[in-house]
Structure formats: structure tokens, C-alpha cells
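Chain by chain, the residues run as shown.
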Amino acid sequence: AQTVTQSQPEMSVQEAETVTLSCTYDTSESDYYLFWYKQPPSRQMILVIRQEAYKQQNATENRFSVNFQKAAKSFSLKISDSQLGDAAMYFCAYRSRAGGTSYGKLTFGQGTILTVHP
Amino acid sequence: KAGVTQTPRYLIKTRGQQVTLSCSPISGHRSVSWYQQTPGQGLQFLFEYFSETQRNKGNFPGRFSGRQFSNSRSEMNVSTLELGDSALYLCASSTASGANVLTFGAGSRLTVL
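Residues numbered from 1 in each chain as written. Chains lettered and ligands numbered in written order. Predicted model: local features only at pLDDT ≥ 70, side-chain atom pairs only at ≥ 80, totals over all residues. Heavy atoms only, no water.

Undergrad: Go over the overall build of chain B, please, and point to the residues and values.
TA: On a plain count of helices and strands, chain B comes out with zero helices and eleven strands. When the helices and strands of chain B are listed from N to C terminus, the series reads β-β-β-β-β-β-β-β-β-β-β. Over its C-alpha trace chain B gives a radius of gyration of 13 Å, about what one expects of a compact globule, namely 13 Å for 113 residues. The dimensions of chain B, computed from C-alpha atoms along their principal axes, are 35 × 25 × 25 Å. Counting the 113 residues in chain B, one finds 52% classified as buried. Taking the 11 positively charged and 5 negatively charged side chains of chain B as two groups, their mean positions are separated by 5 Å. (Helix = DSSP H or I, 4+ residues; strand = E, 2+ residues; numbered from the N terminus. Rg over C-alpha atoms; globule rule 2.2 N^0.38 Å. Buried < 20%, exposed > 50% of the residue type's maximum accessible area, 1.4 Å probe, protein only. Lys, Arg positive; Asp, Glu negative; His and termini not counted. Charge placed at Lys NZ, Arg CZ, Asp CG, Glu CD.)

Set out below in C-alpha cells:
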């Protein structure tokens, strides 16, 4: 079974600064997806960024980028130019591409609460 | 395009009762997944439906069940409620079972007294 670990329960950053959230995962599979989701106080889970394991290039979405280290099974999220609206709980998630038992299933980490100070 | 709609947003039940939660996926999405979110256990996968068929199931007791209708709307039911069932229940939809992106609804907050 796959596991996802987020070792930082809480992080804080000053507005306009950069912060990095850590995530490690454990799997015996070679083909999978990794995601970062954001959950603000409104509770709606919002996709921030995704990475396909077979792609060596790190994904970027505007101010959000990842550092994907497949051999180390590490998937960190970097938020540049932090904004007050970035304050939320951030979840790292894994999804197998194997089909069958992967259908609809994301395995989540425990989450990191990000606070942004003005 | 409307997002994933979950109803009700909040509900309070007592132990032993049962509850039904509803999820309307994004138009055109045929796969619906359900998750339970609690402070202690985090986010856990309940089950996934595609074309009215349960394709995958998480490690939950049989009191948790679901179904999907021909219009892709899904319901989940929890019978004989326990205090530990208090949670945020999230529904997510995607275009197909193997699609890599799930779009989540705002959730249904269940409190069991």
C-alpha cells in the first residue's frame, strides 16, 4: 500500500516571500500521479498542481512549482511571492495509474497548515 | 460550468440513526468518489462509482454504502451512526475512473450526537 507523509504540521511565511512544503511518499510502483491540493477554511479542496511520475520535468503553475525527486520519493511544493489568499491547509496526494484498485482513489498526507503574515 | 454540488452542507444526527448524503458531479463527469475527513484520521477513501457500478472501495465497515444513478449523481448512506462517524464527507468527480484529476465539492459536515 502507498503512504504519503507530510512532516510539517504547520508552516508560516511573510507575504511576498517564498515557502516550501515537504512531502515524501512510499510506493513500489513506477507509474503514478502526485498532486498538491489546497483546502481553505471554506473546505473546498482545490487542485494546485499535479505531476506525472514519468515526466522528469518539474511541474509549474504560475507561482506554484514542485521539486519532484523520484528516486528519493520526494515531492515538495514551492510557493513564490506568497499572498494572503494562499493561507490554507495543503495536502499532498498520490494516485496510482495501475487501474483497478486505483480507481478514484487518492492517498493523502496529513496536511500542512500554511499561515501567511501580512 | 457548475462544480460538484453536495447536499446537505451541514447536518446533525444522533447515534443509531442513518444518514444519506448526495453528490451531483460536474456535467459530463461519470466517475464519483467519496472521502471521509476527520482530524484524527485525515482524508480516507470510501468508494468510487462509475456508470452506476462501484469500482473501488476503501477500508470502511459495511455501514457505509453508496450508489450512483444513471445521471451520474451519487448518494452515500451511513447506517447505525456512531460518534466516530462525525466528519466532513467530500465527494469528487472526474471524467472517467482512470482520469488523473478529481474535482471536489465543498463537502457535507456530519455531526453525530
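Undergrad: How would you explain unusual backbone geometry if you had to name every residue and give the values?
TA: Residues and elements named next belong to chain B. For the peptide bond that leads from Thr7 to Pro8, omega is -10°, which places it in the cis range. Mapping Pro8 onto the fold places it in the loop between strand E1 (5-7) and strand E2 (10-13). A positive phi is found at Glu52, a non-glycine position, where the angle reads about 70°. Locating Glu52 in the fold gives a position in the loop between strand E5 (42-50) and strand E6 (53-57). Take Glu52: its relative accessible area is 49%, and that puts it in the partly exposed class.

Undergrad: An account of the nonpolar core is needed here, citing residue identities and associated values.
TA: Residue and element names in this part refer to chain A. Counting 25 residues, the largest nonpolar core has Tyr25, Trp36, Phe75, Leu77 and Tyr90 as its most contacted members. Considering each element in turn, this core owes the most residues, four residues, to strand E10 (residues 88-96). Residues contacting Phe75, with those up to four places away along its chain left out, are Cys23, Tyr25, Leu34, Phe35, Trp36, Gln51, Val66, Asn67, Phe68 and Cys92. (Core = buried A, V, L, I, M, F, W, Y, C linked by side-chain atoms within 4.5 Å. Contact = heavy atoms within 4.5 Å.)

Undergrad: Can you explain the side chain of Arg63 of chain A? Please cite residues and give values.
TA: All names here are of chain A. Relative to the helices and strands, Arg63 is located in the loop between strand E7 (60-61) and strand E8 (64-69). Among the residues examined, Arg63 registers a relative accessible area of 19% and is labelled buried. Here Asp81 takes part through its backbone oxygen, which lies 3.2 Å from a polar atom of the side chain of Arg63. Not counting chain neighbours up to four residues away, the residues in contact with Arg63 comprise Lys78, Ile79, Ser80, Asp81, Ser82, Gln83 and Asp86. (Polar contact = N/O pair within 3.5 Å; in protein donor to acceptor, adjacent residues only side chain to side chain.)

Undergrad: I'd like a description of the state of the cysteines, backed by residues and values.
TA: What is meant by a disulfide is a covalent connection between two cysteines, made through their sulfur atoms. Residue and element names in this part refer to chain A. Enumeration according to the criterion identifies two disulfides over all chains in this entry. Bridging Cys23 to Cys92, the disulfide has an S-S length of 2.0 Å. Between Cys23 and Cys92 the sulfur-sulfur dihedral comes to about -70°; the bridge is accordingly left-handed. In this pair, Cys23 sits in the loop between strand E3 (19-21) and strand E4 (24-26) while Cys92 sits in strand E10, placing the two residues 69 residues apart along the sequence. (Disulfide = S-S within 2.5 Å.)

So, to be careful, I would describe these as geometric facts and stop short of saying anything about function.
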